[in-house]
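# Understanding the architecture of this molecule
Chain residues, written in single-letter form:
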There are 2 protein chains.
Amino acid sequence: MLNACQALEKQGVAVTFLPVDRNGRVNPEAVRRSIRPETVLITVMHANNELGTVQPLEEIGRIAKETDVYFHTDAVQSAGKLPINVNAMQVDLLSISGHKLYAPQGIGALYVRSGTRLRQFLYGGHHQRGFRPGTENVPGIVGLGKAADLARRSLEKDARRISDLRDDLERGLLARVPDARLNGSDAPRTPNTTNITFAGVEGEALVIALDLRGLACSTGAACSSGAVEPSHVLTAIGLPPEEARASLRFSLGRHTTRADIDFALDVVPAAVAQLRELSPAYRKAVEAS
Amino acid sequence: MLNACQALEKQGVAVTFLPVDRNGRVNPEAVRRSIRPETVLITVMHANNELGTVQPLEEIGRIAKETDVYFHTDAVQSAGKLPINVNAMQVDLLSISGHKLYAPQGIGALYVRSGTRLRQFLYGGHHQRGFRPGTENVPGIVGLGKAADLARRSLEKDARRISDLRDDLERGLLARVPDARLNGSDAPRTPNTTNITFAGVEGEALVIALDLRGLACSTGAACSSGAVEPSHVLTAIGLPPEEARASLRFSLGRHTTRADIDFALDVVPAAVAQLRELSPAYRKAVEAS
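Residues numbered from 1 in each chain as written. Chains lettered and ligands numbered in written order. Predicted model: local features only at pLDDT ≥ 70, side-chain atom pairs only at ≥ 80, totals over all residues. Heavy atoms only, no water.

### Digging into the sheet that holds strand E7 (residues 247-251) of chain B
Residues and elements named next belong to chain B. Spatial ordering of the open sheet is given by E5-E6-E7, a layout of 3 strands whose pairing is antiparallel. Each edge of the open sheet is held by one strand with a lone partner, namely strand E5 (180-182) and E7. On average, adjacent strands in this sheet sit at an angle of 30° to one another, irrespective of strand direction. (Pairing = 2+ DSSP bridges. Helix = DSSP H or I, 4+ residues; strand = E, 2+ residues; numbered from the N terminus. Axes fitted to C-alpha atoms, helices over the stretch in contact; angles between N-to-C directions.)

Written out as structure tokens, the structure is:
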């Protein structure tokens, strides 16, 4: 199975992948340096799905405009969590996904700036000017519209409340769990995501232990659930594989309460301690230090 | 804008288009004769969308199996209206669309016979074994499942009731409107569709006249609404352009009542007569005959 960039490469399109810093952010000057005369598209996600860190889109957008290259952002992680202004970002294309902002699953939207030239790649009826043939998902579209409207109205209030809870969760876990470290914390972040490495723990085992206690979290993105490789995001920001595997992502949302945070602060330290008890390597390392 | 076959041809794939008889049906022997050593796929719709006539899929399926060519059918028009048995039809692939069987809009399904080799052409996450990346439309999927279940339960009863109403509509219109002719009537048909040519009438004008009176019908498929060309289905079955343009499709459904039919039998003859009054060509033709 190929992802979109691999598929483009297979079709003979040259794709340049840029490195990220330890917060998962792209350097705008690296974007500028990588642009070639034949470059047609820059695509950078708005917020990282595993870290929540926000990319410097306005600076990249300025470069894209100066160099006359189309600029796309994947705002799936940020829509409904951060204000989005396609003009400030200077993006030509922006994608969002409904279920990330409390709309039904299976609906999304692509913002296309007027004048952007796209090529049809699905073929059939004349729907959506021929770009996406097929009877439209009307209930999904209505749901997405309503969800976007509700998200916009409560965005500031939600963001403040959720980031307060997230900060309390982080502070609490770092205080209660020895050898825990926050990933991607030195950059602007979405209010709802935190990613923490618990040294010496196998992340998948911790996910299961917490699931049994009633707390859902993940070692990576749902899109690659079942994958055995360590998170490519965490390795890209410089974590060695064993630390990437020892990392967990906690996501908060509109329905997360103070009681949920207290519960997490209760069960996570206990579960980590229990798993570390079972790990001879970790105990040896602690004794040696 | 290209349709799927035109897109394949543009990519260098040879596509053979087969003619249809005056009922819009493909001759299975013509299918057999057109198969070449490099043929990989036969695709024939189950029921025609404008005529309702049903293709001889079992015979074509037998030929596909004998010649070891994949066989696909578009059952969008027939699902929920006719019994569907993928084994009797010997199809490897069968597509249906939710909104045609009272499921929500924007959901469909592709039946894939076990062992059929498909190539990925959308790229992204690992959903649906990589063939259709993206978070699944869960409400749509549940709706389609429930709608299919309901359709299966009431299929026989609905088909009988609806085809009785359809037959009464046809008989009534042919009796009350001079120079009216049924299209595609000498073949098995879905219970819900009738297509009638009203000589001397501009179909689009009749659609509008009937719409103003509260009756919705069409001159062709919704997929090509706004098109100025006469229906390609009606020209394919041999109607000259002026007759194709003078033809209307009436569709019945689960909610159509006897009163609806009586209403149609009232307003259609009157609207046709009125439009013909305004047509000097039609009046001259009648006077000359």
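After that view, the rundown keeps rolling.
### What about the sheet that holds strand E4 (residues 108-112) of chain A?
All names here are of chain A. Taken in spatial order, the 4 strands line up as E1-E2-E3-E4 in an open sheet, and their pairing is mixed. Whereas interior strands pair on both sides, the edge strands pair on one side only; in this sheet they are strand E1 (41-43) and E4. Each strand of the sheet is rotated relative to its neighbour by a mean of 15°, with strand direction disregarded. Examined bridge by bridge, E1 and strand E2 (residues 70-74) share 3 bridges and lie parallel to one another. By the bridge assignment for E2, Leu-41 is matched with Tyr-70. Sheet contacts for helix H3 (residues 57-67): E1 and E2; angle to E2, the most-contacted strand, approximately 160°. (Contact = heavy atoms within 4.5 Å.)

### Section: the interface of chain A and chain B
One widely used convention gives an interface's size as the accessible area the parts lose upon coming together. On the side of chain B, 26 residues touch chain A, which itself brings 25 residues to the contact. Contact between chain A and chain B buries roughly 2100 Å² in total, counting both sides, with carbon and sulfur atoms accounting for 64%. For the pair chain A and chain B, the number of links is 0 salt bridges. Looking at side-chain class alone, the side of chain A that touches chain B contains 11 nonpolar, 11 polar and 3 charged residues. (Buried area = accessible area lost by both parts, 1.4 Å probe. Salt bridge = Lys/Arg side-chain N within 4 Å of Asp/Glu carboxyl O. Nonpolar A, V, L, I, M, F, W, Y, C, P; charged D, E, K, R; others polar.)

### Some points on helix H5 (residues 138-176) of chain B
Residue and element names in this part refer to chain B. With 39 residues, H5 should reach 57 Å at 1.5 Å per residue; the first-to-last C-alpha distance of 48 Å falls well below that figure. The axis of H5 is deflected most strongly, by about 65°, at Leu-155. One side-chain oxygen at the N-terminal end of H5 lies 2.9 Å from the backbone nitrogen of Gly-140; it belongs to Asn-137. (Expected span 1.5 Å × (residues − 1). Bend = angle between axes of the 7 residues up to and from the residue. Polar contact = N/O pair within 3.5 Å; in protein donor to acceptor, adjacent residues only side chain to side chain.)

### Some points on the relation of the copies chain A and chain B
With an RMSD of 0.0 Å, the operation that places chain A on chain B is a rotation of 180° combined with a shift of 0.0 Å along the axis. Such a combination of turn and shift is consistent with a two-fold rotation axis. Comparing contact sets, 100% of the residues at the interface of chain A also lie at the interface in chain B, consistent with an isologous, same-surface contact. (Least-squares fit on C-alpha atoms with pLDDT ≥ 70 in both.)

### Things to note about a nonpolar patch on the surface
Taken together, the side chains of Leu-110, Val-112, Leu-118 and Phe-131 of chain A define a hydrophobic patch exposed on the protein surface, amounting to about 310 Å² of accessible area. Leu-110 of chain A sits in the partly exposed class, given a relative accessible area of 48%. (Patch = residues over 30% accessible without salt bridge, like charges linked within 9 Å, V, L, I, M, F, W, Y side chains within 5 Å. Areas by Shrake-Rupley, 256 points an atom, 1.4 Å probe, with all protein chains shown as cover. Buried < 20%, exposed > 50% of the residue type's maximum accessible area, 1.4 Å probe, protein only.)

### Some points on the environment of Val-31 of chain A
All names here are of chain A. Checked against the element boundaries, Val-31 lands in helix H2 (residues 28-34). Considered as a pair, Val-31 and Ile-60 are 29 residues apart in the sequence and their alpha carbons are 7.1 Å apart. For Val-31, the contacting residues outside a window of four places in its chain are Leu-18, Val-26, Ile-42 and Ile-60.

### What to know about unusual backbone geometry
Notably, Tyr-102 of chain A is not glycine yet its phi reads approximately 70°, a positive angle. Mapping Tyr-102 of chain A onto the fold places it in the loop between strand E3 (93-97) and E4. A positive phi angle, close to 55°, is found at Asp-179 of chain B, a residue other than glycine. Checked against the element boundaries, Asp-179 of chain B lands in the loop between H5 and E5.

### Observations regarding the domain arrangement of chain A
Residues and elements named next belong to chain A. Here chain A is described as being made up of domain 1 (2-148) and domain 2 (155-288). For domain 1 versus domain 2, the separation of C-alpha centres amounts to 28 Å. Taken residue by residue, the interface counts 21 residues in domain 1 and 26 residues in domain 2. Across the domain 1 to domain 2 interface the summed buried area is about 1900 Å²; carbon plus sulfur atoms make up 57%. Taken together, the connections running from domain 1 to domain 2 amount to 1 salt bridge. (Domains from an automatic or database assignment.)

### A closer look at the pairing of E3 of chain A
Residues and elements named next belong to chain A. Here E3 lies mainly inside the structure; 5 of its 5 residues are buried. The pairing of E2 with E3 spans 3 bridges and is classified as parallel. Note on E3: the bridge partner recorded for Asp-74 is Ser-95. Here E3 runs beside E4; their pairing, made up of 5 bridges, is antiparallel. Residue pairing across strands places Leu-94 opposite Tyr-111, the latter belonging to E4.

### Quick look at the side chain of Arg-166 of chain B
Residues and elements named next belong to chain B. Position of Arg-166 relative to the elements: it lies in helix H5. Classification of Arg-166 as buried rests on a relative accessible area of 5%. Those residues within four positions of Arg-166 in sequence are excluded, and the remaining contacts are Arg-189, Thr-190, Pro-191, Asn-192, Thr-193, Thr-194 and Leu-252.

### Some points on the pairing of strand E6 (residues 193-198) of chain B
Strand residues, when the strand is regular, have side chains that alternate between the two faces of the sheet. Residues and elements named next belong to chain B. With 6 of 6 residues buried, E6 lies mostly within the body of the structure. Across the two faces of E6 the burial is the same, with Thr-193, Asn-195 and Thr-197 and Thr-194, Ile-196 and Phe-198 all buried. Relative to E6, E5 is paired through 3 bridges, and the arrangement is antiparallel. From the neighbouring strand, Ala-180 faces E6, where its bridge partner is Phe-198. Two strands pair when backbone bridges link them, and E6 and E7 are joined in this way by 5 bridges, in the antiparallel orientation. Along E7, the bridge assignment pairs Ile-196 with Leu-248.

### Focus: the pattern of salt bridges
Residues and elements named next belong to chain B. Within the structure shown, the criterion is met by 28 salt bridges over all chains. For the salt bridge of Glu-170 with Arg-189, the shortest nitrogen-to-oxygen distance reads 2.7 Å. Placement of Glu-170 in helix H5 and of Arg-189 in the loop between E5 and E6 is noted, with a sequence separation of 19 residues between them. A relative accessible area of 6% means that Glu-170 is categorised as buried.

### Observations regarding the packing of H5 of chain B against helix H9 (residues 258-277) of chain B
Residues and elements named next belong to chain B. At their nearest, the axes of H5 and H9 sit 10 Å apart, and the two run at 20° to each other. Judged by the inter-axis angle, H5 sits roughly parallel to H9. Crossing geometry of H5 relative to H9 is assigned as right-handed. Facing H5, whose interface residues are Leu-165, Asp-168, Leu-169, Gly-172, Leu-173 and Arg-176, H9 presents Arg-258, Ile-261, Ala-264, Leu-265, Val-268 and Pro-269. Class assignment for the residues of the contact of H5 with H9 results in 8 nonpolar, 1 polar and 3 charged. (Parallel < 35°, antiparallel > 145°, perpendicular 65-115°, else oblique. Left-handed = near helix turned anticlockwise from the far one by under 90°.)

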